[in-house]
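What follows is each chain in one-letter form.
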Amino acid sequence: MCEVHLEFFIQVGRLQVHYTVKQHKLYARKRTKNLQQGIGVERMTAHHLEPEAERSPPPKTPRLHTNKKKSPSFTGGAPKSGGAKSKKVAQDDQVMATNNSSIVSKRSVEKFYYPDETHYFRFFVKKLQRRAPLINRGYHLRLHVIDVLVRNFLGGGECIGKTKKKVVVNLGCGSDVLPWQCLHRYPEHCQAGLVKFVDVDFPDLIERKRQTVLNTPELLGAFTGVQENPSSGPVVFESDQYAQIGCDLRELDRLQTALAATLGDLSECSFIFVAEVSITYMETIGADNVIKWASSLGNAEFVLLEQILPSGPDHPFASTMLSHFHKLNTQLKSVHVYPTVEDQRSRFSCRGWNTVDVWTLWQTWSDERFLSPDDRRRLELVEAFDEWEEFALFASHYCVVHARTSPATSNATTALRIIPKYVKLSLAETEVALQFDECLGQRGQRRFGGAMLLTPQDEKNGSDNGCNGDSSVLVNVMGLGTKSRLQSCDVFVRQTGASDGTTSGGSTWFMNSLNGGDGGPTTRMCHSLTDLGPQGRGGKVRGYLLSGGRDSPVKAFRDCWIFERDAGAWKRTHDLPTPLYRHSVTGLHGESNMALLVGGKGPEGVFGGCLVHQPGKGWVSCEVIGDIGLKPVYGASICCFRQSNSAPEVFCGIYTGGLLDDGVIADQILSWELNIANPEKPTIRFEPLQISAEYISLSDGSILRGLMARFGASCFPYGNGQEFVILGGVTAEHLLDHKDEVLLCSVDGQNCHITQRLVGKQTSTDSPVPRPLLTGHSAVLTPEGEVVVAGGGATCFSMGTFWNKGVYTLGLPILGASLQNVFPENLEPLPHWVHERTFDIIPGQPSLPRAQEAFENGTAEKKNHPNIKAIPRVKLESKDDFSRIVREGKPVVLEGLDLGSCTANWTIAYLIDKVGADRKVVVHESSNQAMDFNAKNFRYVTTDFADFGRRVEKGDRLYLRALSSDLPTEKPAMLSDDFPALAADFVLPQELSLVEDNMFSSVLRVSGPVNMWLHYDVMANVYCQLGGSKRLVLFPPSDVEHLAFSPGASSSSIDVFALLRSENDSEKLAQTHPHEATLSPGDILFLPPLWLHTATPTSECGSIAVNVFFKDLDSGAYAAGRDVYGNRDLAAYEKGRQDVARIANSFSSKKIPDEVRQFYLLRLADELRRKALEYP
């Protein structure tokens, strides 16, 4: 009901008083009822006032524990009837009610970002709600920055004197737990009598917080000398370390008296005042009085965190933020008076603060005074995160002020980094035509898709395909929609002349062709869609290349598709060598039909390589040459300028910005030169570029670099030289001003020159063009020299989502023309783009068909037999090398590692001597060389170790897989426990510390001339060959369906070695991808989990080995219960099999005919297969 009143008030301003009174009466009635029930009014308003993005269902029963948001400590109590004061009281309560969502978010951060600390927010928020990664990351940053500044105050003393008591005053504290956190984290700096924490807020809220502290032993136990009922007026809780004051911040004399009551002589104290998004809700004059008063208390510091408007209130994020708080009737009062960091600095400087440092939150993110690169990398381990543009937008709209009354020391450096105003830098500016075509409703709303521009005519060969009169179409493919990722695309039709909502010509040619074919890619976002150019010589494919993308940040795709212009259909093509998203791809000019890929993000982290896509050959890795190293990044901007006239095999372009693995935008602006003279081994060279602009001194070069190094921007070549346009994205240091969002640049040698800022001006007299948000957008460059932008927007933290609600067209200037003085009425009108329809893309074959792959690779004649690959051999330089190998999940043979004396000493005779001749062991005795676990063509025999050893040397078919010596059916084998006399001989090298730290079991294996059956292990392991030699054949997990594994079984009866020996029978393995290696003493095979494998000794004396199983997944992924061998399937698989049985049983009704049951079960099976094949 309140929201209805609010909308009514916004639309009809004359009814303001009427609205306030009606709302107030309703509020008063509910408050009276709730107070009779013994609960606080803020719980009544919690669900109503919680931001949309953080809203949770209202509780069934109100609870006392939910407290209020950080707020100015206004006078509270029950609303009084009528007049201005009741209006003010009602608004004060609404301001404080915003605490409900804030404190829940902080609890989420506490739980997941500080798992090893004592948790205190949990006592104020009983029900944990895990917030979205963007909200968690944002709250973590603001809490961390304040914590660092308070920590520095507690640990400092050189400027304020170590004899003074240090006092931390939290203004508008709400339910914050800063005192408990500091006492827990920094006990050496928080000694009783030397440090005191004071919480200040609205009296009713402070009373409620007091009750929570008194009734919670974990909170109360942190303090000594507790006075439960102090007689000091506003001081409602007193102890040696902590006090609570219920006071109105507009009554500063009363607050100062209360501080003196709890602290004594204030001149003997040093203060740090913390105001985290609190005094911004006060009238500006009142907030300024608080700042000035705090500076009058002598040695003092002030930490302020609140919102700013760095690019004005019309910036899409800013307007969404302001609208959010306006709807809550909790307007930000100071943000319009102090909208920038420069304004905030002046605000403090003229109110008694001698040293003032100011950052945006986005600047603190990359400042090592707050977070080191390793700190930022560790956050990636907490939860997957890829909302970087939205994080930058949020953090750029909040500032942190750190002010001190003491003057700056001579060697101190100011932390202020002013957001540049590039208008003052006199960058050349050109007004260009701007057209906005609005879409109805939610049409066209998608982010992180990919756009392609299609025309009905093939200008290259002059044919029109019978499509005269049809229009060009812009297709925005997949991406993130208003609710989820989309399996669809939006089709926009280009029309010239006035926009009347109809299309000229239409796109029938496109729609008819696209509805056919065998389907296309599955739903995804953050993929690339690259124009491969016109049809080349020899009938090369003419179309767009879609590569990679992601589902979630931890599920990247490697599949690639080509949308063939002429056929109007998708065609599956070669996969990427590794799954990637946010990779940078550009088409190579001319008739090459090739594309260059650099960087990207994948399961192994940031990809540091370069790949060339060649028609019919797929992706080929480039060798990076030259002296300039390429920093691996993702989300960078790339484009190709031209193909060399003198050397057609050489291409050049620019590569700029991108995000490093520590979450900071790289100051990397490079030119590149690609040479494909040898298509099998292309080379690429990178060179750094200096940045310049007309009228700008070289000393401003670093500021200009900040304009060029972006994340998530679009980049297009323009003209026939080395000019390019860069559009949108976010930068490392500041929020882009709207005049700096689109730049026209040129490259000359080793210099990149910012030629002009392109500022769009609408050419029509229609309603004003809404300011776009150029993040998550899709853009294309038309042959007519127009940049067309579709989609885009951002989730604005917890304050709502902004969507670009139409198509923007920007006309680029004629190169060489001076258009700085062109007025909007002189600009040529641009064509309109009309949203025609949205249609689904039918998912096609999720994996590249084997026959097609063979045909494209020219290996079709070989596919009747398996192509056995040698497992690569590598040498480790560090333990990080092995960690990378484990992440990649591919088998390798490790060479040159020291396993101890076992490789030299372990023979059968040595083992008998050390183990003991009469030691009983259980071994496999087989009548056949190929043991079969399913057929059980062997028997278990208990024998003396000496007898077993002699029979192995004689050539008997025996096999020892050691078990636990004391509890063989309950405990995994462990060499150190089961064979202590041998344990000292076997040492895992330091490079394999990951194995040591996560070890599950270590198993002694001694084998005669028998083959271990084909099986898989759920845990990863390293197989260490110590005596004799052994041949192993491995198959990737994806081959499991071709190797006769029964449902639920981890072993197969296929004799791989027999099939490989037979010319005819080897065809049975034609659909598999075997890998093999022969191990000698000292070799270590890394066997990834689920790789199917079999083994046979190749030496006459048998084989001796130890293989060590280790967990490479989170412990929660493994099935609970006993697992002696380390090959019990994951918990999810065991549950999945139960679900399969349940689904099948649901069709067992006699009312369902057999053919119907089969039909639907096959459909479900196909759906499950498609889901499986979506994974790389």
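Going along each chain's sequence as written, the residues are numbered from 1 onward. Local features in this predicted model are restricted to residues whose pLDDT is 70 or higher, and side-chain atom pairs enter the listing and the counts only when it is 80 or higher, whereas totals over whole chains, interfaces and linings include all residues. For the side-chain quantities, the full set of heavy atoms in the structure was used; hydrogens and water were omitted.

1. Section: the overall build of the protein
Put simply, DSSP H or I for four residues or longer makes a helix, DSSP E for two residues or longer makes a strand, and each gets a number counted from the N terminus. Along the backbone of the protein there are 30 helices and 54 strands. Looking at the 1176 residues of the protein, the share that counts as buried comes to 56%. In the protein, the proportion of contacts linking residues at least 24 apart, taken out of those at least 6 apart, comes to 72%. Buried residues are those whose accessible area, probed at 1.4 Å on protein chains only, stays under 20% of the maximum for their type, while exposed residues exceed 50% and partly exposed ones sit between those limits. In what follows, a contact means two residues having at least one pair of non-hydrogen atoms within 4.5 Å.

2. Focus on helix α9 (residues 203–214)
Given the number of residues in a helix, its expected span is that number minus one, multiplied by 1.5 Å. Compared with an ideal rise of 1.5 Å per residue, which puts 12 residues at 16 Å, α9 spans 16 Å between its outermost C-alpha atoms and is within 8% of the ideal. All of the buried residues along α9 are L205, I206, R208, K209, R210, T212, V213 and L214.

3. A word on the packing of helix α23 (residues 908–915) against helix α24 (residues 945–954)
Angles here are taken between N-to-C directions and fall from 0 to 180 degrees, while the axes themselves are lines fitted to C-alpha atoms, restricted in helices to the stretch in contact. Here α23 crosses α24 at 175°, and the two axes come no closer than 9 Å. Here α23 is positioned roughly antiparallel relative to α24, judged by the angle of their axes. Where α23 abuts α24, its residues I908, A909, L911, I912 and V915 lie against F945, A946, G949, V952 and E953. Residue composition of the contact of α23 with α24, grouped by class: eight nonpolar, one polar and one charged. Working rule for angles: under 35 degrees goes down as roughly parallel, over 145 as roughly antiparallel, 65 to 115 as roughly perpendicular, anything else as oblique. Each residue gets one label: Ala, Val, Leu, Ile, Met, Phe, Trp, Tyr, Cys and Pro are nonpolar, Asp, Glu, Lys and Arg are charged, and the others, such as Gly, are polar.

4. Re the side chain of R446
Note on placement: R446 falls in the loop between β9 (429–438) and β10 (450–454). A distance of 2.9 Å separates a polar atom in the side chain of R446 from the backbone oxygen of M478. The definition of a polar contact used here is a pair of N or O atoms within 3.5 Å, where within protein one atom must be able to donate a hydrogen and the other to accept one, and adjacent residues in sequence count solely through side-chain atom pairs.

5. Re the packing of aromatic side chains
Only rings of Phe, Tyr and Trp enter the pairing, Trp through its six-membered ring, and a pair is recorded when the two centres are within 6.5 Å. The plane angle decides the type: under 30 degrees is stacked, over 60 is edge-to-face, the rest tilted. Tallying each qualifying case throughout the model produces 37 aromatic pairs. Considering the side-chain rings of Y139 and F797, the 5.7 Å spacing of their centres and the 35° angle between planes classify their relative orientation as tilted. Here Y139, found in helix α7 (residues 133–155), pairs with F797, found in the loop between β37 (793–795) and β38 (801–803); they are 658 residues apart in sequence, far enough to count as distant. Overall, the relative accessible area of 2% leaves F797 in the buried class. Each ring, one from F882 and one from F1110, has its centre 6.3 Å from the other, and the planes form 50°; the classification is tilted. A residue pair is termed long-range when its members are at least 10 positions apart, and F882 in helix α21 (residues 879–888) and F1110 in strand β54 (residues 1103–1110) qualify at 228 residues. Residue F882 shares its accessibility class with F1110, and that shared class is buried.

6. Observations concerning the sheet that holds strand β13 (residues 528–531)
Paired strands, as defined in this entry, are two strands with at least two bridges between them according to DSSP. Here four strands make up an open sheet; going across it, the order is β13-β14-β15-β16 and the pairing antiparallel. Among the strands making up the open sheet, the edge pair consists of β13 and β16 (569–573). Going from strand to strand, the sheet's axes swing by 25° on average, the running direction of each strand aside. As defined by bridge partners, β13 adjoins strand β14 (residues 543–547) across four bridges and the pair is classed as antiparallel. Residue pairing for β14: L529 is matched across the bridge by L546.

7. A few points about the state of the cysteines
Counting rule for disulfides: a pair of cysteine sulfur atoms within 2.5 Å. For the structure on display, the rule yields zero disulfides. The thiol sulfur of C182 is not disulfide-bonded, and the nearest other cysteine sulfur, from C190, lies at 5.7 Å. Among the residues examined, C182 registers a relative accessible area of 0% and is labelled buried.

8. Looking at the sheet that holds strand β18 (residues 595–598)
In a beta sheet, neighbouring strands are held together by backbone hydrogen bonds and run either parallel or antiparallel to one another. In space, the four strands of this open sheet follow the order β17-β18-β21-β22, with antiparallel pairing throughout. Of all strands in the sheet, those bounded by a partner on one side alone are β17 (584–587) and β22 (618–621). Here the average twist between neighbouring strands, direction ignored, is 25°. The pairing of β17 with β18 spans four bridges and is classified as antiparallel. The partner of V585 across the bridge, within β18, is L597.

9. What about the nonpolar core?
Take the buried residues of types Ala, Val, Leu, Ile, Met, Phe, Trp, Tyr and Cys, join any two whose side-chain atoms come within 4.5 Å, and each joined set is a nonpolar core. Among the nonpolar cores identified, the biggest contains 82 residues, and V150, L154, F197, L361, W365 and F391 are the most heavily contacted of them. Counting residues per element, this core draws most heavily on α7, which supplies 12 residues. If sequence neighbours within four positions are ignored, L154 has contacts with K166, V168, C182, Y186, H189, C190, V195 and F197. The next biggest cluster of nonpolar side chains, apart from the first, holds 43 residues, and it includes V921, V941, L992 and A1020.

10. Quick look at the pattern of salt bridges
The term salt bridge refers to a pairing of a side-chain nitrogen on Lys or Arg with a carboxyl oxygen on Asp or Glu at a separation within 4 Å. Under the criterion given, the structure shown has 57 salt bridges. Between R142 and E276 there is a salt bridge, with the nearest N and O atoms lying 2.8 Å from each other. Of this pair, R142 sits in helix α7 while E276 sits in strand β5 (residues 269–276); the two residues are 134 residues apart in sequence, bridging distant segments of the chain. By the burial criterion, R142 is buried, and E276 matches it. Its salt-bridge partner being R1157, residue D1154 comes within 2.6 Å of it at the nearest N-O pair. Residue D1154 and its partner R1157 are both found in helix α30 (residues 1154–1173); the two are separated by three residues, about one turn of the helix. Residue class for D1154 comes out exposed when judged on its relative accessible area of 56%. Through salt bridges with shared partners, a single ionic network connects E925, R939, R951, K954 and D956.

11. What to know about the packing of helix α11 (residues 252–263) against helix α12 (residues 284–295)
It is at 11 Å that the axes of α11 and α12 come closest, and there the two elements cross at 35°. You can see that α11 and α12 cross each other, and the crossing is right-handed. In this structure, α11 uses L252, L255, Q256 and L259 to contact α12, whose residues at the interface are N289, V290 and W293. Here the contact of α11 with α12 is built from residues that sort into five nonpolar, two polar and no charged. The sense of a crossing depends on the near helix, which, turned anticlockwise from the far helix by less than a right angle, makes the crossing left-handed and, turned clockwise, makes it right-handed.

12. Focus on the pairing of strand β3 (residues 235–238)
Alignment of β3 against strand β4 (residues 242–246), held across three bridges, turns out to be antiparallel. Bridge pairing in β4 links F237 to Q244. Once β3 ends, the chain turns through three residues before running back antiparallel as β4.

13. Focus: helix α14 (residues 341–349)
Residues of α14 that are buried: V341, Q344, R347 and F348. Around the axis of α14, the buried residues are gathered within 115° of arc, so they sit on the same side. Picture the helix axis, draw a direction to every C-beta atom, and the arc is the one those directions span.

14. Things to note about unusual backbone geometry
In this structure, R582 takes a positive phi of about 55° despite not being glycine. Within the element layout of this structure, R582 appears in the loop between β16 and β17. A positive phi is found at A1044, a non-glycine position, where the angle reads about 60°. Mapped onto the secondary structure, A1044 falls in the loop between β50 (1030–1035) and α28 (1056–1061).

15. Looking at a nonpolar patch on the surface
A surface patch of nonpolar side chains, about 270 Å² in accessible area, is lined by V922, F933 and Y940. On the secondary structure map, F933 appears in the loop between β44 (920–926) and β45 (938–944). Residues forming no salt bridge and having over 30% relative accessible area are the ones grouped into patches, like charges within 9 Å of each other and nonpolar side chains (Val, Leu, Ile, Met, Phe, Trp, Tyr) within 5 Å. Shrake-Rupley sampling with a 1.4 Å probe provides the accessible areas, and residues are treated as covered by the protein chains on show and by no other component.

16. As for the environment of L440
Position of L440 among the secondary structure elements: in the loop between β9 and β10. Counting along the chain gives 366 residues from L440 to G806, while the straight-line C-alpha distance between them is 8.3 Å.

17. As for the environment of V341
For V341, the position within the fold is in helix α14. The exposure class assigned to V341 is buried, which follows from its relative accessible area of 0%. Put simply, V341 and D357 are 16 residues apart on the chain and 9.5 Å apart in space, counted from C-alpha to C-alpha.

Treat this as a map of the structure, not an account of what it does.
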